[in-house]
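Next come the chains, spelled out residue by residue.
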Amino acid sequence: IFKNDFVSASRHSVEIVDTAGNIVLSSDINYVKPRISVGEKYFLVYDLAGYDFAVYNSFSVIYSERLDYPISYAYMCDDGRLMVITKSEDYRCVVIMYNKDYEQAYTWKTNDKYVFDGVLRSDGSFTLLCASVADGSFDCVTVSGNMGSEDVTFSRIYKDTMGLQFN
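Cut-offs used in this document
Residues numbered from 1 in each chain as written. Predicted model: local features only at pLDDT ≥ 70, side-chain atom pairs only at ≥ 80, totals over all residues. Heavy atoms only, no water. Core = buried A, V, L, I, M, F, W, Y, C linked by side-chain atoms within 4.5 Å. Buried < 20%, exposed > 50% of the residue type's maximum accessible area, 1.4 Å probe, protein only. Helix = DSSP H or I, 4+ residues; strand = E, 2+ residues; numbered from the N terminus. Salt bridge = Lys/Arg side-chain N within 4 Å of Asp/Glu carboxyl O. Disulfide = S-S within 2.5 Å. Pairing = 2+ DSSP bridges. Axes fitted to C-alpha atoms, helices over the stretch in contact; angles between N-to-C directions.

Caption draft 1: Structural context of the nonpolar core. Counting 31 residues, the largest nonpolar core has F53, L82, V84, V95, M97, V115 and L128 as its most contacted members. Broken down by element, the residue count for this core peaks at six residues, all from strand 10 (residues 93–98). Core analysis: the next-biggest nonpolar cluster, separate from the first, contains 11 residues, F2, L25, Y31 and F43 among them.

Here's what the structure looks like:
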């Protein structure tokens, strides 16, 4: 649900249908595993394990990008910021956060944690749910920080447990 309309994404299209059943938006895509993340102002459609994502308002695509590495998760903030989780040549996990102008504003990289879920808030703060392996066992870890600071805080939640999603 986006602004009281229904949003759907298939492998070949993104559609917004209003409560009367009228198609408000129809946009062609070519995604293998489309996923949707909805904020108050915009919604994000990304190709899970693919390279592409796009930000939409009620009428059109307002930003799109193709990354060099596959997307494992993405999140649309209520104010229009977004977070995309991918990897790079040198890092197993790269979290890219974009400001409201869709410029890369913050990047967090790691080789010893894998991010499963994340939340980006309108004040620029974020929390990531990660798994980490140490001494042969899994740790479920949260990473918290702010786009305006290089400082992050790590908190271990559970030992020998892997969290997959925030509630």
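Caption draft 2: Region of the structure containing the pattern of salt bridges. By the definition in use, this model includes three salt bridges. A salt bridge links R66 to D52; the nearest nitrogen and oxygen atoms lie 2.7 Å apart. Here the residue R66 occupies a position in strand 7 (residues 61–66), and D52 occupies one in strand 6 (residues 52–56), the gap between them amounting to 14 residues. Of the charged contacts in the structure, one is a salt bridge between R81 and D79, with a shortest N-O distance of 2.8 Å.

Caption draft 3: Molecular detail of the state of the cysteines. Tallied over the entire structure, the rule returns zero disulfides. C93 provides the cysteine sulfur closest to C130, a residue in no disulfide bond, and the two sulfurs are 6.7 Å apart. For C130, a relative accessible area of 0% puts it in the buried group. The closest cysteine sulfur to the non-disulfide-bonded C140 is located on C130, 8.3 Å from its own sulfur. What makes C140 buried here is its relative accessible area of 3%.

Caption draft 4: Spotlight on the sheet that holds strand 7. An order of 4-5-6-7 is seen for the four strands of this open sheet, with the pairing classed as antiparallel. Each of the sheet's edge strands pairs with one partner strand only, and the pair in question is strand 4 (34–38) and strand 7. Across this sheet, the average inter-strand angle for adjacent strands is 15°, counted without regard to direction. Both strand 6 and strand 7 contribute to a ladder of five bridges, which runs antiparallel. Following the sheet pairing, F53 is matched in strand 7 by E65.

Caption draft 5: Summary view of the sheet that holds strand 9 (residues 82–86). Judged by pairing direction, the sheet is antiparallel, and its four strands sit side by side in the order 8-9-10-11 without closing on themselves. Two strands bound the open sheet, and with one partner strand each, they are strand 8 (73–76) and strand 11 (104–110). Each adjacent strand pair in this sheet contributes to an overall mean axis angle of 10°, direction not counted. In terms of strand pairing, strand 10 meets strand 11 through six bridges, oriented antiparallel. Residue pairing for strand 11: V94 is matched across the bridge by K109.

Caption draft 6: The pairing of strand 12 (residues 113–120), seen in detail. Across seven bridges, the pairing between strand 12 and strand 13 (residues 125–134) is antiparallel. Across the sheet, the residue bridging to Y114 is A131, located in strand 13. In this structure, the hairpin formed by strand 12 and strand 13 is closed by a connection of four residues, where G124 is found at a positive phi of approximately 90°.

Caption draft 7: Representation of the environment of D135 in the model. On the secondary structure map, D135 appears in the loop between strand 13 and strand 14 (137–146). Residues D135 and Q104, spaced 31 residues apart in sequence, show a C-alpha to C-alpha distance of 35 Å.

Caption draft 8: View of unusual backbone geometry. Backbone geometry at A49 places phi at a positive 70°, although glycine is not the residue there. Structurally, the position occupied by A49 is in the loop between strand 5 (43–47) and strand 6. The exposure class assigned to A49 is partly exposed, which follows from its relative accessible area of 47%. Located in the positive-phi region is Y102, a residue other than glycine, with phi close to 60°. When you line up the elements, Y102 lands in the loop between strand 10 and strand 11. Judged by its relative accessible area of 10%, Y102 falls in the buried class.

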